[in-house]
Amino acid sequence: MNIIFIGPQGSGKGTQAKILAEELKIPHISTGDLFRGLAGELKNEVDSYINQGSLVPDELTTKILKERISKQDCKNGYILDGFPRNLNQAGLLEKITKINKVVEITLDDKLAIQRISSRISCKKCGTVYNLVTNPPKRKEICDNCQTELYRRADDNPDAIKKRLETYHNETSPILQKYKSVLVSVNGDQEIDKIAEEIREKLR
Ligand code: AP5
Ligand code: MG
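All of these numbers come straight from a predicted model, not from anything done at the bench.

**Q** I tried to follow the state of the cysteines on my own but got confused; where do I start?
**A** Each disulfide is one covalent bond, formed between the sulfur atoms of two cysteines. In this structure the tally under the stated criterion is zero disulfides. Sulfur of Cys-145: no disulfide; nearest cysteine sulfur belongs to Cys-122 and is 3.5 Å away. Given the relative accessible area of 23%, Cys-145 is considered partly exposed.

Below, the structure written as structure tokens:
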């Protein structure tokens, strides 16, 4: 089963994709996480886009995505979180794989901005927390691997504004393309409630 998660920044794509991937025992592939895991020259190039809230060029993004989904652990399916983000990427994806379901998580911008502004994440294991809605047990320390938590460089007001604009202008139009396999859930609910709704709708 190949599944895509689509939603505005801060809607909980990463949070929900991680839960579902563990349940289905398939990898959770976030292009944002792949970019954040790069090193050296390429990382500097990618960071220059990400930290301003711009999309990384399609060619580079698609190359990295293609390499990741060709790995052995993807043979029974995967969850894509953050790819595709525009019609061009959706077209390129169509050429390399079949998508079975698309999960849209809706959230209004005001709430999305609030959530992103209080997000902290673990660099080592990727667990995402929220200082207000989903705090770690120990202040700024990951429950999972005891690593110090950090704030993403692109979670600043200017970049957040730009990322949300890009979502509305370039990403949300691709939902039309997936109409026949699309399920939509309201992201303004408790994390467990949303996970349950996604499970139900994918059944
Ligand atoms: P990416 O890492 O994908 O970031 P994003 O799109 O901005 O999305 P977020 O990770 O901010 O939001 P999310 O929906 O995952 O929310 P989360 O679960 O963390 O991409 C980063 C950058 O990489 C892009 O801007 C771009 O530059 C580049 N990039 C990536 N993919 C690309 C592509 N395909 N093409 C080109 N460039 C690309 O939750 C948010 C917060 O809310 C957390 O604190 C969480 O704990 C909390 N929370 C979650 N659910 C709930 C809930 N139900 N109730 C209360 N709090 C909640
Ligand atoms: Mg994310």
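The rest of the description comes next.
**Q** Can you walk me through the site of ligand 1 in this structure?
**A** Taken together, 36 residues surround ligand 1, and among them Thr-15, Thr-31, Ser-54, Arg-85 and Arg-163 come closest. A distance of 2.8 Å is found between an oxygen atom of ligand 1 and a side-chain nitrogen or oxygen belonging to Arg-36. One of the side-chain N or O atoms of Arg-119 is found 2.7 Å from an oxygen atom in ligand 1. Protein chains bury 97% of the 1,000 Å² of accessible surface belonging to ligand 1 in isolation. Elements with a contribution of two residues or more to the shell around ligand 1: α1 (13-24), α2 (31-36), β6 (128-130) and α8 (191-202). The element contributing the most residues to the shell around ligand 1 is α2, with four residues. A class-by-class count of the residues in the shell around ligand 1 yields ten nonpolar, 17 polar and nine charged.

**Q** Mind showing me how you'd approach the packing of α1 against α8 here?
**A** Here α1 crosses α8 at 55 degrees, and the two axes come no closer than 10 Å. Classified by the angle their axes make, α1 and α8 are oblique. Judged by the twist between their axes, the crossing of α1 over α8 is right-handed. When α1 is examined against α8, the residues Thr-15, Gln-16, Ile-19, Leu-20 and Glu-23 are found in contact with a partner set consisting of Ile-191, Ile-194, Ala-195, Ile-198, Arg-199 and Leu-202. Taken together, the residues of the contact of α1 with α8 break down into seven nonpolar, two polar and two charged.

**Q** When you look at the layout of surface pockets in this model, what are you seeing that I'm missing?
**A** Rolled over the atoms, a probe with the dimensions of a water molecule shows which regions are left empty. In this structure, the second largest pocket spans a volume of roughly 190 Å³. Taken together, Leu-34, Leu-38, Leu-42, Leu-60, Lys-63, Ile-64, Glu-67, Arg-68 and Lys-71 make up the full set of residues lining the second largest pocket. A per-element tally of the lining of the second largest pocket places helix α4 (residues 58-69) first, with five residues. Of the residues assigned to the lining of the second largest pocket, the class counts are five nonpolar, no polar and four charged.

**Q** Help me understand empty space enclosed by the protein, please; the structure alone is not making it clear to me.
**A** Under the defined criterion, the tally for this structure stands at two cavities of 30 Å³ or more. Looking at the largest cavity, its volume works out to about 60 Å³. Taken together, Phe-5, Ile-6, Gly-7, Gln-9, Lys-13, Gly-82, Pro-84, Arg-85, Tyr-167 and Thr-171 form the lining of the largest cavity. For the lining of the largest cavity, the secondary structure elements donating two or more residues are β1 (2-6) and α7 (157-171). Each pocket or cavity is described by its volume, and for the second largest cavity that value is around 40 Å³. Around the second largest cavity, the lining residues are Gln-16, Ile-19, Leu-20, Glu-23, Ala-195, Ile-198 and Arg-199. Secondary structure elements with two or more residues in the lining of the second largest cavity: α1 and α8.

**Q** What is the right way to read the sheet that holds strand β8 (residues 182-186) from this model?
**A** The strands making up a sheet are joined through hydrogen bonds of the backbone, oriented either antiparallel or parallel. With parallel pairing, five strands are arranged side by side in an open sheet as β2-β3-β1-β4-β8. Edge strands, defined here as strands with exactly one partner in the open sheet, are β2 (28-30) and β8. For this sheet, the mean angle separating the axes of adjacent strands, direction not counted, is 20 degrees. The pairing of β1 with strand β3 (residues 78-81) spans four bridges and is parallel. Paired with Asn-2 across the bridge in β3 is Tyr-78.

About the cut-offs
Residues numbered from 1 in each chain as written. Chains lettered and ligands numbered in written order. Predicted model: local features only at pLDDT ≥ 70, side-chain atom pairs only at ≥ 80, totals over all residues. Heavy atoms only, no water. Disulfide = S-S within 2.5 Å. Buried < 20%, exposed > 50% of the residue type's maximum accessible area, 1.4 Å probe, protein only. Near = heavy atom within 4 Å. Polar contact = N/O pair within 3.5 Å; in protein donor to acceptor, adjacent residues only side chain to side chain. Areas by Shrake-Rupley, 256 points an atom, 1.4 Å probe, with all protein chains shown as cover. Helix = DSSP H or I, 4+ residues; strand = E, 2+ residues; numbered from the N terminus. Nonpolar A, V, L, I, M, F, W, Y, C, P; charged D, E, K, R; others polar. Axes fitted to C-alpha atoms, helices over the stretch in contact; angles between N-to-C directions. Parallel < 35°, antiparallel > 145°, perpendicular 65-115°, else oblique. Left-handed = near helix turned anticlockwise from the far one by under 90°. Contact = heavy atoms within 4.5 Å. 1 Å grid on protein atoms, 1.4 Å probe; cavity = no way out; pocket = protein on both sides within 12 Å on 5 of 7 lines; lining within 4 Å. Points joined across faces, edges and corners; volume = space filled by probe spheres on them. Pairing = 2+ DSSP bridges.

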